[in-house]
Amino acid sequence: MIKTFINRLLGKDPRSATPAAPALPAIPLGRRVEVAADEHRIDPRLLDDNAVRVVRTLKDAGHEAYIVGGAVRDLLVGLRPKDFDVATDATPEQVKSLFRRAFIIGRRFRLVHVVFGRGREHEVIEVSTFRAYLDASAAEQVSGNEKTSKHQISDKAHVVDSSGRVLRDNVWGPQVEDAARRDFTINAMYYDPTTQLLVDYHGGLPDARARVLRMIGDPATRYREDPVRIVRVVRFAAKLGFALDPATQAPVREMSALLANVPASRLFDEMIKLLQTGHALRSIDELRRQGLDRGVFAILDAVLHPETPHPLRERFVELALADTDRRVEEGRAVAPSFMLACMLWHDVQARWSVLRDAGEPPFPALQQAIDAVFDARIGDISGRGKLAADMREIWQMQPRFERRTASSAASLVAQPRFRAGYDFLRLRADVGEIDVDLADWWEDYHLGDDDEREALLQAVRPASVPRRVPRARHADEAGPEPEAAAAGDAPPSEPDACAPAKRRRRRRRKPAGEGGPPSAEPAEGS
């Protein structure tokens, strides 16, 4: 490190015997342009009160602070941002000291989460410190990645891997350099809600109005710094309906191989953003348009290019994604577990069928199929346990819907994730995988009162329940039988006459027609 620094001071290139010509900066620093409210026309009613409170608190403490990034981009096109981020010249420690509930997080980029509210209603405002622009050649380079080089990079501020991907970036700098570090021109604007001033360094406002997605600096270099930008190009184009600048689009397919170096959890999170932020179907179309629909996401490979085609799969997934888009538009909650369960259901079915044909009992076969598909398509990611449990519950409910007995039905509707399991069943009915009457029955049962539920159960009971054939009696037992049978509904007049009837009223196992084979379904309450 010291030797490299001295060589640079002396104008020597350690990789060559002759000094190389000075390289132009890969990223232009840009020029500060201040835009007034009457020109940018951001609607203050779309702002978040807590984000404004964070900006005001930082400014009152003598710091610069702005709403930044995607929130400004969305405000400019008239959308209410889902998340608000704030950028400031205060260090993470200074930010933390100004708020009662603030937490420093992250290693690759150190950030502060300022938390408002509690429970499900809580809100997080993410605050970052302005970062310096440092060329990759000035950073320390390691041969591995975040995991294999963990000890080498633990105490360093700026580190890249052998391909130029940034592993650490915690060098603070001025706002002009912070803007140059950002990926797209439309994401490099800063908005002060207290003065309604917009600061633009790279022509983001004209690009937003022209609906163009343009990379700051050399696109290939920026993709190498962070290959996830390739996925973000697709997401923003689908979400905003923006066209890609030709220079930004040109290296996308070639650079996509770099996504193999991205940690699985981060790539998985980006895929969820693609499919669960209200524009899933357009995102799939954009992936195809950019040649990224194969070999990037294992789950999408299973859906878009299945090894074993299923006649209903494409329609089933299309309905699931359309339903997700609709729920997002309506402001309703969406869960990644449901969407992923829909996308991988036919893989589970195919594996389940193979195991049953090999002689495995139905329910153990289903469990094994779920494990195999989850490991193959999702793998070792952050939050795997909760995600797997939710998906498993949805899948395991499906055969249980076939059982419509009093105890089974009552147990199933009491399950915490019954509604997700039922919505999944309804999608299966909509594409013709199961009888629509079965989905209708469960909807009526779920919404019905006790009398309505009993009527629904009565309607699906067999017309006649077979009675057990009584065992042969000894001669001394045969006398009372006709008398007891003849008594019918009449009350017995003598105590001796009712004694045989009491002996016959002991509990006995239900006939097979009422209960069904227990091995074919999960245990009740599981």
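Note that the structure is a prediction, hence the values are computed from the model and not measured.

A. Structural detail: the pattern of salt bridges. Going through the model one piece at a time under the given rule, you end up with 30 salt bridges. Where aspartate 74 meets arginine 73, a salt bridge forms, and the shortest distance between an N and an O atom there is 3.2 Å. Take aspartate 74: its relative accessible area is 5%, and that puts it in the buried class. Put simply, aspartate 226 and arginine 266 hold a salt bridge, and the shortest N to O gap is 2.8 Å. Placement of the pair is aspartate 226 in the loop between helix H9 (219-225) and helix H10 (228-240) and arginine 266 in helix H13 (residues 264-275), with a sequence separation of 40 residues. What you see here is one network of salt bridges that share partners, running through Arg73, Asp74 and Lys239.

B. The packing of helix H20 (residues 406-413) against helix H22 (residues 436-447), seen in detail. Two elements in contact, H20 and H22, have axes separated by 11 Å at closest approach and are oriented at 75°. Here H20 is positioned roughly perpendicular relative to H22, judged by the angle of their axes. Here H20 contributes Ala406, Ala409, Ala410, Leu412 and Val413 to the contact with H22, which in turn contributes Trp441, Trp442 and Tyr445. Broken down by class, the residue content of the contact of H20 with H22 amounts to 8 nonpolar, no polar and no charged.

C. Examining a negative patch on the surface more closely. On the surface, a cluster of negative charge is contributed by Asp444, Asp449, Asp450, Asp451 and Glu452. In terms of residue count, the dominant contributor to the negative patch is helix H23 (residues 450-460) (3 residues). Here aspartate 444 shows up in helix H22.

Thresholds, definitions, all that
- Here the residue numbers are simple positions, counted from 1 along each chain's written sequence.
- For a predicted model such as this one, the threshold for reporting local features is a pLDDT of at least 70, and the threshold for listing and counting side-chain atom pairs is 80 or more; totals across whole chains, interfaces and linings nevertheless cover every residue.
- Heavy atoms from the whole structure form the basis of all side-chain values; hydrogens and water molecules are not counted.
- What counts as a salt bridge is simple: a side-chain nitrogen of Lys or Arg found within 4 Å of a carboxyl oxygen of Asp or Glu.
- A 1.4 Å probe rolled over the protein chains alone gives each residue an accessible area, and that area as a share of the maximum for its type sets the label: buried under 20%, exposed over 50%, partly exposed in between.
- Each helix is a run of DSSP H or I of at least 4 residues and each strand a run of E of at least 2, with the numbering of both proceeding from the N terminus.
- To define axes, lines are fitted to C-alpha atoms, for helices over the stretch in contact only, and angles between the resulting N-to-C directions are given on a 0 to 180 degree scale.
- Convention used here: angles under 35 degrees read as roughly parallel, angles over 145 as roughly antiparallel, angles from 65 to 115 as roughly perpendicular, and any remaining angle as oblique.
- We call two residues contacting when some pair of their heavy atoms lies within 4.5 Å.
- For this classification, Asp, Glu, Lys and Arg are treated as charged, while Ala, Val, Leu, Ile, Met, Phe, Trp, Tyr, Cys and Pro are nonpolar and the rest, including Gly, are polar.
- Like charges are joined within 9 Å and nonpolar side chains (Val, Leu, Ile, Met, Phe, Trp, Tyr) within 5 Å, but only among residues with over 30% relative accessible area and no salt bridge; these make up the patches.
- We get accessible surface area from the Shrake-Rupley algorithm with a probe of 1.4 Å; when it comes to residues, only the shown protein chains can shield them.
- In this count, Lys and Arg are taken as positive residues and Asp and Glu as negative ones, while His and the chain termini are left out.
- A single reference atom marks each charge: NZ on Lys, CZ on Arg, CG on Asp, CD on Glu.

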